[in-house]
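Remarks on the overall topology
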Amino acid sequence: MATIYKTVSGDVWDNIAKEVYGDESYTSFLMANNQQHLGYFVFPAGVELVIKDKPVEASTLPDWRS
């Protein structure tokens, strides 16, 4: 289920990803789901970003070990 994150002045993509997903490695995922805002590097206040659920990470264990 998607939620909305409303930016505060000075927000940047990687900090938002860290805040909402707990890890900056989700920055590309966040950006892919909010392509209409890719023109921003530093956000003004009040931009609404769609926060989709984190993608399910594939297990690195073989099937017989999971």
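Residues numbered from 1 in each chain as written. Predicted model: local features only at pLDDT ≥ 70, side-chain atom pairs only at ≥ 80, totals over all residues. Heavy atoms only, no water.

Here we look at the overall build of the chain
Put simply, the rule is: Helix numbering and strand numbering both begin at the N terminus, where a helix is a DSSP run of H or I of at least 4 residues and a strand a DSSP run of E of at least 2. Three exposure classes are used, based on accessible area relative to the maximum for each residue type with a 1.4 Å probe and protein chains only: buried under 20%, partly exposed in between, and exposed over 50%. Per-residue and other accessible areas were derived by the Shrake-Rupley procedure at a 1.4 Å probe size, with only the shown protein chains allowed to occlude residues.
Each helix and strand in the chain was counted, giving 2 helices and 2 strands. When the helices and strands of the chain are read in sequence order from the N terminus, they spell out β-α-α-β. The buried share of the chain, taken over its 66 residues, is 26%. By element, 54% of the accessible surface of the chain is carried by carbon and sulfur atoms, the whole surface being about 4,700 Å².

Considering helix 1 (residues 13-21)
Heads up, the rule is: In this context, the arc is that of the directions from the helix axis out to the C-beta atoms.
Regarding helix 1, the residues found buried are Trp13, Ile16, Ala17 and Tyr21. Buried residues in helix 1, looked at end-on, bunch into an arc of 100°, giving them a common side. Remark: Gly22 follows helix 1 within two positions and exhibits a positive phi of approximately 85°.

Some remarks on the side chain of His37
Heads up, the condition is: Should any heavy atoms of two residues lie within 4.5 Å, those residues are considered in contact.
Locating His37 in the fold gives a position in the loop between helix 2 (27-32) and strand 2 (48-51). Setting aside residues up to four positions removed in sequence, His37 forms contacts with Trp13, Phe43, Val47, Glu48 and Leu49.

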